[in-house]
Amino acid sequence: MVIDFGREICGVLPSAETREWLVTNGIGGFASGTIAGVLTRRYHGLLIAALKPPLDRTLLVTKLDESVRYGEDVYPLSTNRWSDGIVGPHGYRHLERFFLEGTVPVWRYACGDAILEKRIWMQQGENTTYVHYQLHRATQPLTLTFKTFVNYRDYHGNTNGNGWQMEIDEIEHGLKLSAYPDATPFFLICRGASVTAFHDWYYGFDLAVERSRGLSDREDHLHAATFQTTLYPGQSLTFITSTEANPNLDGETALRAQHNHEQRLFDCWRLDRVKQVETSPIWVRQLVLAADQFIVNRAPNGKTIIAGYPWFGDWGRDTMISLSGLTLATGRVEIARSILYTFAQYLDRGMLPNRFPDAGEIPEYNTVDATLWYFIAIFDYYNATEDHDVIDNLFPMLSEIIDWHCRGTRYNIHLDSADGLLYAGEAGTQLTWMDAKVGDWVVTPRIGKPIEVNALWYNALRIMAKFARQLGKPYREYDAMAERVLARFERFWNAEAGYCYDVLDSPDGNDASLRPNQIFTVSLPESPLNVNQQKGVVDACSRSLLTSYGLRSLDPRDANYRGRYSGDSVQRDGAYHQGTVWGWLIGSFAIAHHRVYGDPVKAREFLEPMANHLRNQGLGSLSEIFDGDAPMMPQGCFAQAWTVAEVLRAWITLAKS
C-alpha cells in the first residue's frame, strides 16, 4: 500500500493538515480535504459539484464535524482552526491510521477499545458523495453524531454568511436544501440516522493555505443539519450528499461499484501492458488510478482532461500533453480517441482552444503550442493503435492547421518565409506554456520563435508527411517544409554556451536564457539537432535545471531566478516560470537522457523520487510545481494531470527499452 500512515503522521497537526486527499466523479466534480479534517483551502469540501459538466463547479457541502459517545466518554473526531488562531476540537488526536484503499481515503479512529472507520468516495457520473462509517471493533454500542456544514458558491469564491437564509425542507431520510430560488437543490441523506435541521452560521473558519497565497483566509459555513445514530459492533452507516433526488442509498453496493471501477482500470492496463505491469513498482500502479481522476466527460458525448485539482478546468495544451500518459500508457485507447475527436470540434482558424472558462461556453484560443501538441497526441495514438480511420478523419483538419499557420492566424502566429520557422506573439500576450500574466504584466512574453514551438512545428510537418503517405495523399510539400526547418534550426544552437537559445528574433534579439524548453528538441519523436547538440542540451539541463521532482524553469545563476514560489499573486506569478520546478518536465528529460546515453535503468532513476512525493501534499497523486530551491517543497495544484501523465508515459516507455 503506497499511502498508509499511523499516529506519527496522523497525530501531528502540521503533518496531518498538509497532506490532502482527493476523490472525483468523472464529470468534473470532486471532494477534497486534509487528513486532519481541518479546512486549509477554499477548495476543500465534501461535494464540489460540476453543475455544467465538467465546469461550473460549486461548493455545496463543506464538511462533517463528527463526535462519538462511547461508554461514558465523548471523543471529538473533527478538527477546525478558527480565524483567531484557536484549534478546536482536536479530533486528529484520535486518528490511529489513515490509508488509501485505491483512491478511497480511509480514516481509522480509536475511541477507547472501539475502532470506527470512515471512507469517502463519489459516484462516477453523478454529483454524489458518500461518507461510510463502520464500527470495526467495539465491546458496546457507539453513538455517532455529525454536524453537516453547507454552502453554495463558485469553488473559487469565498462566503460571508451574514443574512443569508437557505430553504431547508424535510424529505425521507434527510433534508433538501435550496440556497436561493434559482439554485440547484441538493440533498443530505442518511438512512438509519435521526436528523435535526438547523440554520446556524459558523463564522471564521481559518484557511491557512489561502493566506499563504495572499488571498482571503477566512470563511463562513452554514450548519444545516445534525445526524445521529447508534452503531453496534460490525454495523455501518452511510451519509450521502447529492444533487440527485434519488441517489443510490445502499452504501455497500456503492462502495463495491467504486472498487469495481478501479479494478477495471487495472484490468485494462494489465491487458494492454502485461510485461510492464508485472515489473512496475506499486507506486506506478497508484499513478494508474490517479490518471483516471483527470479524465472527465465534456458535453455532449466527448471526453476531456481536467488540468489539475483543485482549481484548473480543462485546458487544450494540458490535455494534449497529458493524453498519451493518462490514456495510452494505461491501455484506455477509446478515451484517447474520444478526446481527439472532442477537441477537433473546437478547431477555429487553425487553432485549438487554450482553455474553457469556468463560466461561459466560449473557449479561449490564446496558445501557440496546444495545437502543435495535438499532432503529437494523434501520432502517439496511431502508433499505439494503428487506427487508420482516425487518421483519415482528422487529416483534413490537420492540413487546415498547417495552412493557417503558413498564412498566419491569431496573435501574429505565422510562418516566417525567410527561414521557415514559426513566429508567434505580440505585445500583451502569453502564448507558450510559460504563460504567467498579472494584470498587464506578461512575465515571460517569449515573443518571437520559441524553441519548443519550432521543435513541435518540425515534428508536425514530419507527422503530416507520414500520414499523407499512408493515406495516398500529396506529401512532398510537407517534407520540403520540414527539411527547410531542419536546415535553419541550426540558428537555435548557441555554440558559445553549448546549448540552445530559448527564443530567436524576439524584440530584444535572441534570448540566451537557459530554460528547459530545449529538452523537447531531444525528447520529441524527431529531433532537429545533431547528436552532439542533443547531448549538449541534456547535459546543460542536467547541470543547471534538474531537481528530484522536475526541471527548473530558469537557470539559478540567472538574475531573474526566483527560488521560492510563495506570496501574493504578483509574487507567485513572478516566480512561476522564473525558476520554479515543473514536475511534468521530468518525463521528457528522462526520455531525452535515454536517447542520448542509451541507459533505460539510469533514465528511470530520474523518475523514482516521485514515489516518495506520492506521500506528500496530494496523496496518491503528483503536484504541479515545486520550489526551485531545496528542499523543493511542493506548490500549486496538489494533483496535476501532466505531471502524472508524463511520469507514467516515461516509465512505460523506458520499461519497454
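Preceding this section is the structure that the text describes.
Not measured: the values here are computed from a predicted model. (Residues numbered from 1 in each chain as written. Predicted model: local features only at pLDDT ≥ 70, side-chain atom pairs only at ≥ 80, totals over all residues. Heavy atoms only, no water.)

Draft legend 1. View of the overall build of the protein chain. On a plain count of helices and strands, the protein chain comes out with 19 helices and 37 strands. Taken over the C-alpha atoms alone, the protein chain extends approximately 80 × 50 × 50 Å along its principal axes. Considering the protein chain as a whole, with its 657 residues, one finds that 64% of them fall into the buried category. Within the protein chain, counting contacts between residues at least 6 apart in sequence, those at least 24 apart form 65% of the total. As displayed, the protein chain offers around 23,200 Å² of accessible surface, 47% of which is attributable to carbon and sulfur atoms. Computing the positive centroid from 62 side-chain charges and the negative centroid from 78, the protein chain places the two 4 Å apart. (Helix = DSSP H or I, 4+ residues; strand = E, 2+ residues; numbered from the N terminus. Buried < 20%, exposed > 50% of the residue type's maximum accessible area, 1.4 Å probe, protein only. Contact = heavy atoms within 4.5 Å. Areas by Shrake-Rupley, 256 points an atom, 1.4 Å probe, with all protein chains shown as cover. Lys, Arg positive; Asp, Glu negative; His and termini not counted. Charge placed at Lys NZ, Arg CZ, Asp CG, Glu CD.)

Draft legend 2. Inspection of unusual backbone geometry at higher detail. A cis geometry characterises the amide bond from glycine 88 onward to proline 89, with omega recorded as 0 degrees. Between alanine 630 and the following residue, proline 631, the backbone shows a cis peptide bond with an omega angle of 10 degrees.

Draft legend 3. Seen up close, helix H9 (residues 370-385). Over its 16 residues, H9 runs 22 Å from end to end, which matches the ideal 22 Å to within 8%, given 1.5 Å per residue. For H9, the full list of buried residues reads Ala370, Thr371, Leu372, Trp373, Tyr374, Phe375, Ile376, Ala377, Ile378, Phe379, Tyr381 and Tyr382. The secondary structure elements touched by the buried residues of H9 are helix H7 (316-328), helix H8 (333-344), helix H10 (388-407), strand S24 (422-423), helix H11 (451-471) and helix H13 (520-523). Count one or two residues on from H9 and you reach glutamate 386, which has phi positive near 55 degrees. (Expected span 1.5 Å × (residues − 1).)

Draft legend 4. Geometry of the sheet that holds strand S14 (residues 167-171). The nine strands lie next to each other as S1-S9-S10-S11-S12-S19-S16-S15-S14, forming an open sheet whose pairing is antiparallel. For this open sheet the edge positions go to strand S1 (4-5) and S14, each flanked by a neighbour on one side alone. Strands strand S9 (95-101), strand S10 (104-111), strand S11 (114-122), strand S12 (128-137) and strand S19 (236-242) of the sheet are contacted by helix H4 (residues 251-272), whose axis makes an angle of about 60 degrees with S11. (Pairing = 2+ DSSP bridges. Axes fitted to C-alpha atoms, helices over the stretch in contact; angles between N-to-C directions.)

Draft legend 5. Structural detail: helix H19 (residues 641-655). In this model, H19 (15 residues) spans 21 Å end to end at C-alpha, consistent with the 21 Å of a helix rising 1.5 Å per residue. With 14 of 15 residues buried, H19 is to be regarded as a mostly interior element.

Draft legend 6. Broad picture of the packing of H9 against H10. Between H9 and H10, whose axes approach to 11 Å, the crossing angle comes to 160 degrees. It follows that H9 is roughly antiparallel to H10 by the angle criterion. Judged by the twist between their axes, the crossing of H9 over H10 is left-handed. Residues Thr371, Leu372, Tyr374, Phe375, Ile378, Tyr381 and Tyr382 of H9 lie in contact with H10, whose contacting residues are His388, Val390, Ile391, Leu394, Leu398, Ile401, Ile402 and His405. (Parallel < 35°, antiparallel > 145°, perpendicular 65-115°, else oblique. Left-handed = near helix turned anticlockwise from the far one by under 90°.)

Draft legend 7. Up close: the nonpolar core. Core analysis: the largest hydrophobic core is formed by 209 residues, its most contacted members being Phe98, Trp283 and Tyr374. Beyond its immediate stretch of four places on either side in the chain, phenylalanine 98 contacts Ile3, Asp4, Phe5, Cys10, Trp21, Ile35, Pro105, Val106, Trp107 and Leu619. Counting residues in each nonpolar core, the second largest holds eight residues, with Trp121, Tyr130, Ile189 and Ile240 among its members. (Core = buried A, V, L, I, M, F, W, Y, C linked by side-chain atoms within 4.5 Å.)

Draft legend 8. Broad picture of the packing of aromatic side chains. Applying the stated criterion across every chain, the model contains 38 aromatic pairs. For the ring pair tyrosine 43 and tryptophan 311, a centre distance of 5.6 Å and an interplane angle of 55 degrees mean the geometry is tilted. Highlighted residues: tyrosine 43 in the loop between strand S3 (30-34) and strand S4 (45-52) and tryptophan 311 in the loop between strand S22 (308-309) and H7, separated in sequence by 268 residues. With respect to burial, tyrosine 43 and tryptophan 311 carry one shared label: buried. With a centroid separation of 4.6 Å and an interplanar angle of 40 degrees, the aromatic rings of tryptophan 82 and phenylalanine 205 are classed as tilted. Separated by 123 residues along the polypeptide, tryptophan 82 in the loop between strand S7 (79-81) and strand S8 (87-90) and phenylalanine 205 in strand S17 (residues 194-206) bring together distant segments of the chain. The class of tryptophan 82 is buried, set by a relative accessible area of 18%. Phenylalanine 205 sits in the buried class, given a relative accessible area of 1%. (Phe/Tyr/Trp six-rings, centres within 6.5 Å; stacked < 30°, edge-to-face > 60°.)

Draft legend 9. Structural view of the state of the cysteines. A full pass over the atoms with the stated rule returns zero disulfides. Sulfur of cysteine 10: no disulfide; nearest cysteine sulfur belongs to cysteine 111 and is 14 Å away. (Disulfide = S-S within 2.5 Å.)

Draft legend 10. Structural detail: the pattern of salt bridges. Following the criterion strictly, the structure yields 37 salt bridges and no others. With a shortest N-O distance of 2.7 Å, arginine 81 and glutamate 17 are connected by a salt bridge. Here glutamate 17 lies in the loop between helix H2 (13-16) and strand S2 (20-24) and arginine 81 lies in strand S7, a separation of 64 residues in the sequence. Overall, the relative accessible area of 15% leaves arginine 81 in the buried class. Glutamate 17 gets classed as buried once you look at its relative accessible area, which sits at 14%. Linked by salt bridges that have partners in common, Asp416, Asp419, Lys449, Arg491 and Asp505 make up one network. (Salt bridge = Lys/Arg side-chain N within 4 Å of Asp/Glu carboxyl O.)

Draft legend 11. Quick look at the pairing of S11. With nine of nine residues buried, S11 lies mostly within the body of the structure. Alternating residues of S11 divide into Ala114, Leu116, Lys118, Ile120 and Met122 and Ile115, Glu117, Arg119 and Trp121, and every residue in both groups is buried. Sheet analysis places S10 next to S11, joined by six bridges and oriented antiparallel. Bridge pairing in S11 links alanine 110 to isoleucine 115. As defined by bridge partners, S11 adjoins S12 across eight bridges and the pair is classed as antiparallel. Residue arginine 119 lies in a different strand from S12, and its bridge partner there is histidine 132. Hairpin geometry of S11 and S12 is characterised by an intervening segment of five residues between the two adjacent antiparallel strands and by a positive phi of about 85 degrees at glycine 125.

Draft legend 12. A look at the environment of asparagine 612. Relative to the helices and strands, asparagine 612 resides in helix H18 (residues 609-613). Owing to a relative accessible area of 53%, asparagine 612 belongs among the exposed residues under this scheme. Along the sequence, asparagine 612 and tryptophan 283 sit 329 residues apart, while their C-alpha atoms lie 8.7 Å from each other.

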